[in-house]
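Residue strings, one per chain:
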Amino acid sequence: MTDVPETLPARMFLLAYDLRKQKMTSGGTRLGYVLRAAALTELFLDGRLVEERGRPVPGTPGDDPYGVLAQIAESRPRRWRHWVCKDARGIVATVREELVRDRWIRVRRRRMLGLFPYHEVTVKDPRVVKELWGGASSALRGRPVAHVNSYDAAAVALAAAGELKSVLPDSDRRRYRRRIEELTARTGPAPAAVRRLIHEEETAAAG
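Since this is a predicted model, take the numbers as computed values, not measurements.

Student: Whenever I open this one, the packing of helix H2 (residues 28-45) against helix H10 (residues 190-206) confuses me. Can you help?
Tutor: Running from amino to carboxyl end, H2 crosses H10 at an angle of 160°, the nearest separation of the two axes being 9 Å. What the angle tells us is that H2 and H10 run roughly antiparallel. Crossing hand, H2 versus H10: right-handed. Note on element contacts: H10 touches H2 through Ala190, Pro191, Val194, Leu197, Ile198, Glu201 and Glu202, opposite Arg30, Tyr33, Ala37, Leu40 and Thr41. Its residues placed into classes, the contact of H2 with H10 shows eight nonpolar, one polar and three charged.

Here is the structure:
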């Protein structure tokens, strides 16, 4: 078994990498929504966040690797959607830097058409992405939902909500819709907030 990053946001960042095309399949705000939701989900699954009246509130004290719990503790109660949106672009840079520091990826600054700056990401060991994808695939197609590892269930739920095609092509999202709903129910409220946000943005863009 190949070692993988410990945090759920770091895992989701790597799952957004397409090994065949050797590039990220999602970026910017949408990836930020997924990573923020992953941070919220990690806290929720560990009991560091709980839900009261449809809003996340601090639960059992513990680690807060991305500062999300501190933000929630210092704020009046707000819905999950707010916390998925907040600092969405910032967490992409934070997680990317974490993965560079821990030597999971390399990053080069490039310019598209010589004008537009972007970060070119390369995964150092493709086996890491394959291991993460294998866990998500097993969660989607394998053992009973109750026996699925919580982070693998969350990976599927977040990938479906964020439309990460590197994990879930459109055909799989349709084919395994019921299973995805069951895994999402195990994961907590954050993926639903991502799905609503993306739907709202697509509706606004369409008209």
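Student: Help me understand the environment of Lys165, please; the structure alone is not making it clear to me.
Tutor: Note on placement: Lys165 falls in the loop between helix H7 (150-162) and helix H8 (170-175). For the pair formed by Lys165 and Phe44, sequence separation is 121 residues and the distance between their alpha carbons is 25 Å.

Student: When you look at H7 in this model, what are you seeing that I'm missing?
Tutor: Within an α-helix, residues lying three or four positions from one another point in the same direction, as the helix has 3.6 residues per turn. With 13 residues, H7 should reach 18 Å at 1.5 Å per residue; the first-to-last C-alpha distance of 18 Å fits that figure. Of all the 13 residues making up H7, eleven are buried; the element is thus mostly covered by neighbouring parts of the structure. Among all positions of H7, only Tyr151, Ala153, Ala154, Ala155, Val156, Ala157, Leu158, Ala159, Ala160, Ala161 and Gly162 are buried. Buried residues along H7 sit in contact with helix H1 (8-15), H2, helix H6 (126-141), H8, helix H9 (177-187) and H10. Phi turns positive, to about 55°, at Glu163, one or two residues after H7.

Student: Can you help me understand the layout of surface pockets in this one?
Tutor: One number sums up the size of the largest pocket: a volume of about 350 Å³. In terms of lining, the largest pocket is formed by 15 residues, of which the most central are Ala160, Arg173, Arg177, Ile180 and Arg195. Looking at the lining of the largest pocket, the elements that each hand over two or more residues are H7, H8, H9 and H10. Of the residues in the lining of the largest pocket, the class split is five nonpolar, two polar and eight charged.

Student: Please explain the nonpolar core as it appears in this structure.
Tutor: Generally speaking, soluble globular proteins have nonpolar side chains that are buried together. The biggest cluster of nonpolar side chains holds 61 residues, and the ones touching the most others in it are Met12, Phe13 and Leu40. For Phe13, the contacting residues outside a window of four places in its chain are Met24, Leu31, Leu35, Val92, Val95, Arg96, Leu99, Ile105 and Val121.

Student: Would you mind showing me how to read the side chain of Thr41 here?
Tutor: The topology assignment puts Thr41 in helix H2. What makes Thr41 buried here is its relative accessible area of 1%. Of note is the side chain of Thr41, whose polar atom sits 2.8 Å from the backbone oxygen of Ala37. Apart from the residues lying within four places of it in its own chain, the contact partners of Thr41 are Leu8, Ala154, Leu158, Thr187, Ala190 and Pro191.

Student: What am I meant to see in H9 here?
Tutor: Every buried residue belonging to H9 is among Arg179, Ile180, Leu183, Thr184 and Thr187, and all of these are buried. Seen along its axis, H9 keeps its buried residues to an arc of 135°; they face one direction. Of the exposed residues in H9, the ones pointing more than 90 degrees away from its buried face are Arg178 and Ala185. Packing partners of the buried residues in H9 comprise H2, H6, H7, H8 and H10. Looking one or two residues beyond H9, the residue adopting positive phi is Gly188, at roughly 115°.

Scoring rules and cut-offs
- Residues numbered from 1 in each chain as written.
- Predicted model: local features only at pLDDT ≥ 70, side-chain atom pairs only at ≥ 80, totals over all residues.
- Heavy atoms only, no water.
- Axes fitted to C-alpha atoms, helices over the stretch in contact; angles between N-to-C directions.
- Helix = DSSP H or I, 4+ residues; strand = E, 2+ residues; numbered from the N terminus.
- Parallel < 35°, antiparallel > 145°, perpendicular 65-115°, else oblique.
- Left-handed = near helix turned anticlockwise from the far one by under 90°.
- Contact = heavy atoms within 4.5 Å.
- Nonpolar A, V, L, I, M, F, W, Y, C, P; charged D, E, K, R; others polar.
- Expected span 1.5 Å × (residues − 1).
- Buried < 20%, exposed > 50% of the residue type's maximum accessible area, 1.4 Å probe, protein only.
- 1 Å grid on protein atoms, 1.4 Å probe; cavity = no way out; pocket = protein on both sides within 12 Å on 5 of 7 lines; lining within 4 Å.
- Points joined across faces, edges and corners; volume = space filled by probe spheres on them.
- Core = buried A, V, L, I, M, F, W, Y, C linked by side-chain atoms within 4.5 Å.
- Polar contact = N/O pair within 3.5 Å; in protein donor to acceptor, adjacent residues only side chain to side chain.
- Arc of directions from axis to C-beta.

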